[in-house]
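Residue-level listing of the chains:
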Amino acid sequence: MAQTVSETHPVAEVNEPATISGGHLVAKALKAEGIDVIFTLCGGHIIDIYDGCVDEGIAVVDVRHEQVAAHAADGYARVTGKPGCAVVTAGPGTTDAVTGVANAFRAESPMLLIGGQGALNQHKMGSLQDLPHVDMMTPITKFAATVPHTARVADMVSMAFRECFNGAPGPSFLEIPRDSLDNSVPVDQATVPEAGRYRASTKSIGDPASIEALADLLVRAEKPVVLLGSQVWTSRGSDAAVEFARQLDIPAYMNGAARGTLPPGDPHHFHLSRRYAFNNADLILIVGTPFDFRMGYGRRLPKSATVVQIDLDYRTVGKNRDIDLGLVGDPGAILAAVTQAASGRLRKADRKAWFAELHAEEDASYQKRLPRQLSDANPIHPLRLAHEINEFLTEDSIYIGDGGDIVTFSGGVVQPKSPGHWMDPGPLGTLGVGIPFVLAAKYAQPEKEVVTLFGDGAFSLTGWDFETLVRFNLPFVGVVGNNSSMNQIRYGQEAKYGQSRGRIGNTLGDVRYDEFARMLGGYGEEVRDPKDIGPALQRARESGLPSLINVWVDPDAYAPGTMNQTMYK
Ligand SMILES: Cc1ncc(C[n+]2csc(CCOP(=O)(O)OP(=O)(O)O)c2C)c(N)n1
């Protein structure tokens, strides 16, 4: 047998340079970003990332559908303030995750999706699961790119995270071809950016002259009102917003993730009188929320009011509705600066009548709704279900809404008690975020209670990952408002096409979601009588398991917004 050169001529031992693979570089870069968990569904293209995570002590939470992984990364960002990360395989793994990325894009949630890809040396040859991922992701991300070489892996992961925080936050996508991921390079060729040293602070207040101008307007206004939008929470400006409303004595309304910024019962917290307040205010301050469909594109704001807008994104300020003053920067930092600029210049007594007017309006709306909210009717009115959930929430409960009409009803009644304790999909309106958001919230903050209301239609989209919650021992209180249909859509169809043609494609079976929960190892109960809702929720809480209380609700009750078809106007 032929001998090799080294066998015949032993050579002096040389020190091989230490090498590192692409997957391990991903894990190091994730660690530098402070990521402690990835949400994923496995595939041959991405396994080296898992191996890297083992070395770096990053948890691998594996789910049953990539949409869930992407929504969970979005949810993780919302609850922690750190970007979330999902890792999915090439082709169908990445296309399955598209909806989660799209949702994060519209909700301005910072997350990184890493997708596998065929090896670069098989580029465009028809490799397994090859698709043009970057082309697909570009319109719904702040940054989408291919990593062209192992040596660039860590650097590009950090680059993608930096891009997540450019202006209003959002998702980034990185495709890492199999060879870039599996190959190794000498350690000294692969720089891992140092934690905390690869991006700037974004807490900008913009133009100081605008701060002074806004302070002047606010001090002089007789009937001011502020709408605190999701960016107040995203930028962790809640304390500054509370201080602002109290010091400047301004009635505050909250939407999206900003709900709970001021607790219910606080004299500056308003909820049910927003339309009235906007119609009668002389100064309207919009903070961190766009003039999109939820705001009637700004068209409903009276022309007579002075309108000021603050946003992280330059492109949002003044979009769809003219404004009198626009400020671009960090909402919390701006509100703090304005509070300081106006300090000591306000006579609070001047606002008393305005507050009394709004409180009266608030009370009238509440009294009007109360009979339905306390209704003993059978089948159960959705407002009664929402009422029971609201009574059940504690200061520490994170409330998640995932559904059509049932969640719209709850929006009027359920009041989170603290900032960051309300989660909904955001302006993309994506059904199916519920279970992934539970996964993220409960994983990141196990000490919190998570309470989730699902429509039966919405639950079905991602419901299998209830099993993931069981597998990872993540208890939560789940409620399915079951009307055996997709009511929010059915209403419009029946109104347009009549009863029989209006029921096409929007009815569901009478499914026992409580039994589904039990089958997967969770807790479940069925409720038909309104008085049984509260005790059932309590038993779900005490079970210490992921749970689903299947509450049969009235299929003929529709939310007012749905009956007006407000979302399309
Ligand atoms: C992923 C996704 N698919 C479809 C829709 C359109 N849609 C909006 S509300 C709705 C019905 C939801 O039904 P359900 O969750 O049971 O709540 P309900 O309206 O019956 O209370 C649908 C299908 C959507 N928003 N998201």
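Please read these numbers as outputs of a predicted model, since none were measured by experiment. (Residues numbered from 1 in each chain as written. Predicted model: local features only at pLDDT ≥ 70, side-chain atom pairs only at ≥ 80, totals over all residues. Heavy atoms only, no water.)

Engineer: Quick rundown of the sheet that holds strand β19 (residues 547–552)? Include the residues and the values.
Structural biologist: Spatially, six strands are ordered β15-β14-β16-β17-β19-β18 in an open sheet, and the strand pairing comes out parallel. What marks the edges here is a single partner per strand, and that holds for β15 (422–423) and β18 (523–527). Its contacts with the sheet put helix α16 (residues 405–413) on β14 (397–402), β15, β16 (449–455) and β17 (477–482), and the angle it makes with β16 is roughly 130 degrees. The sheet strands contacting helix α17 (residues 434–444) are β14, β15 and β16, and the helix crosses β16 at an angle near 175 degrees. (Pairing = 2+ DSSP bridges. Helix = DSSP H or I, 4+ residues; strand = E, 2+ residues; numbered from the N terminus. Contact = heavy atoms within 4.5 Å. Axes fitted to C-alpha atoms, helices over the stretch in contact; angles between N-to-C directions.)

Engineer: Tell me about empty space enclosed by the protein, residues and numbers included.
Structural biologist: Following the criterion strictly, the structure yields two cavities of 30 Å³ or more and no others. In this structure, the largest cavity spans a volume of roughly 60 Å³. If you go around the largest cavity, the residues you meet are R78, V79, W233, G256, A257, G420, W422, M423 and D424. Listing elements by their share of the lining of the largest cavity, those giving two or more residues are α4 (66–80) and β15. Here the residues of the lining of the largest cavity are counted per class, giving five nonpolar, two polar and two charged. Contributing to the lining of the second largest cavity are P382, D405, I406, F409, N483, N487, V553, D554 and A557. Top element by residues in the lining of the second largest cavity is α16. It accounts for three residues. In the lining of the second largest cavity, the residues fall into five nonpolar, two polar and two charged. (1 Å grid on protein atoms, 1.4 Å probe; cavity = no way out; pocket = protein on both sides within 12 Å on 5 of 7 lines; lining within 4 Å. Points joined across faces, edges and corners; volume = space filled by probe spheres on them. Nonpolar A, V, L, I, M, F, W, Y, C, P; charged D, E, K, R; others polar.)

Engineer: Describe the site of the ligand, with residues and values.
Structural biologist: Residues in contact with the ligand amount to 16 residues; listed here are only the nearest, D405, G429, D456, G457 and N487. Between the ligand and N483 there is a distance of 3.0 Å, counted from an oxygen atom to a side-chain nitrogen or oxygen. Measuring from an oxygen atom of the ligand, one finds a backbone N or O atom of N487 at 2.8 Å. Against a free-state accessible area of 590 Å², the protein chains account for coverage of 76% of the ligand. Put simply, the parts of the chain that give the shell around the ligand at least two residues each are α16, α18 (456–462) and α20 (487–497). (Near = heavy atom within 4 Å. Polar contact = N/O pair within 3.5 Å; in protein donor to acceptor, adjacent residues only side chain to side chain. Areas by Shrake-Rupley, 256 points an atom, 1.4 Å probe, with all protein chains shown as cover.)

Engineer: Account for the UniProt feature "domain: Thiamine pyrophosphate enzyme N-terminal TPP-binding" (unreviewed entry) in the protein chain, naming residues and giving values.
Structural biologist: Sequence positions flagged by UniProt for "domain: Thiamine pyrophosphate enzyme N-terminal TPP-binding" (unreviewed entry) are, in local numbering, residues 21–130. In residues 21–130, the share of helix is 47% and the share of strand is 19%. The end C-alpha atoms are 22 Å apart. (UniProt positions renumbered as here; feature names shortened; annotations may be inferred.)

Engineer: Hey, could you go over the packing of helix α9 (residues 208–220) against helix α13 (residues 331–342) for me, with residue numbers and the actual values?
Structural biologist: α13 packs onto α9 with a crossing angle of 60 degrees between their chain directions and a minimal axis gap of 9 Å. Classified by the interaxial angle, the pair formed by α9 and α13 is oblique. The chirality of how α9 crosses α13 is right-handed. Residues I211, E212, L214, A215, L218 and V219 of α9 form the contact with α13, whose participating residues are I334, A337, V338, A341 and A342. Among the residues making up the contact of α9 with α13, the classes are represented as ten nonpolar, no polar and one charged. (Parallel < 35°, antiparallel > 145°, perpendicular 65-115°, else oblique. Left-handed = near helix turned anticlockwise from the far one by under 90°.)

Engineer: Could you give me a rundown of the pairing of β14, with the residues and numbers involved?
Structural biologist: Of all six residues making up β14, six are buried, and the element is well covered by its neighbours. Burial of β14 is two-sided: the residues S397, Y399 and G401 facing one way and the residues I398, I400 and D402 facing the other way are all buried. In this sheet, β16 lies alongside β14 in parallel orientation, the contact comprising six bridges. Looking across to β16, one finds that D402 is bridged to F454. Judged from the two bridges that link them, β14 and β15 form a sheet pairing that is parallel. Pairing of I400 across the sheet is with M423, part of β15. Following the chain from β14 across α16 to the adjacent parallel β15, one finds a crossover that is right-handed. (Buried < 20%, exposed > 50% of the residue type's maximum accessible area, 1.4 Å probe, protein only. Right-handed = clockwise from strand over helix to strand, strands pointing away.)

Engineer: A description of the state of the cysteines should follow, citing residues and the corresponding values.
Structural biologist: Per the stated rule, a full pass over the model turns up zero disulfides. Lacking any disulfide linkage, C42 is separated from the closest cysteine sulfur, that of C53, by 14 Å. Unpaired in this structure, C85 has its nearest cysteine sulfur neighbour in C53, at a distance of 7.7 Å. (Disulfide = S-S within 2.5 Å.)

Engineer: Just give me the short version of helix α7 (residues 153–164), but keep the residues and values in it.
Structural biologist: Residue pairs three or four apart in sequence face the same way in an α-helix, which turns once every 3.6 residues. With twelve residues, α7 extends 17 Å from end C-alpha to end C-alpha; this agrees with the ideal 16 Å at 1.5 Å per step. Listing the buried residues of α7 in full gives V153, A154, M156, V157, S158, A160, F161 and C164. (Expected span 1.5 Å × (residues − 1).)

Engineer: Pulling in residues and values, what's your account of a positive patch on the surface?
Structural biologist: A surface patch of positive charge is lined by R275, R299, R300 and K569. Topologically, R275 is positioned in helix α12 (residues 274–280). (Patch = residues over 30% accessible without salt bridge, like charges linked within 9 Å, V, L, I, M, F, W, Y side chains within 5 Å. Salt bridge = Lys/Arg side-chain N within 4 Å of Asp/Glu carboxyl O. Lys, Arg positive; Asp, Glu negative; His and termini not counted. Charge placed at Lys NZ, Arg CZ, Asp CG, Glu CD.)

Engineer: Could you give me a rundown of the packing of aromatic side chains, with the residues and numbers involved?
Structural biologist: Taken as a whole and assessed by the stated rule, the structure comprises twelve aromatic pairs. For the ring pair F39 and Y76, a centre distance of 6.2 Å and an interplane angle of 65 degrees mean the geometry is edge-to-face. Here F39, found in strand β2 (residues 37–40), pairs with Y76, found in helix α4; they are 37 residues apart in sequence, far enough to count as distant. Ring centres of Y491 and Y558 lie 4.8 Å apart, and the angle between their planes is 65 degrees; on these two criteria the pair is classed as edge-to-face. Of this pair, Y491 sits in helix α20 while Y558 sits in the loop between β19 and α23 (560–564), placing them 67 residues apart in sequence. Overall, the relative accessible area of 14% leaves Y558 in the buried class. Ring-pair connections join several aromatic residues into one group, and the members of that group are F454, F459, W464, F466, F476, Y513 and F516. Here the basic side chain of R259 rests over the ring of W422, its NZ or CZ set 3.7 Å away from the ring centre. (Phe/Tyr/Trp six-rings, centres within 6.5 Å; stacked < 30°, edge-to-face > 60°. Lys NZ or Arg CZ within 6 Å of the ring centre and 35° of its normal.)

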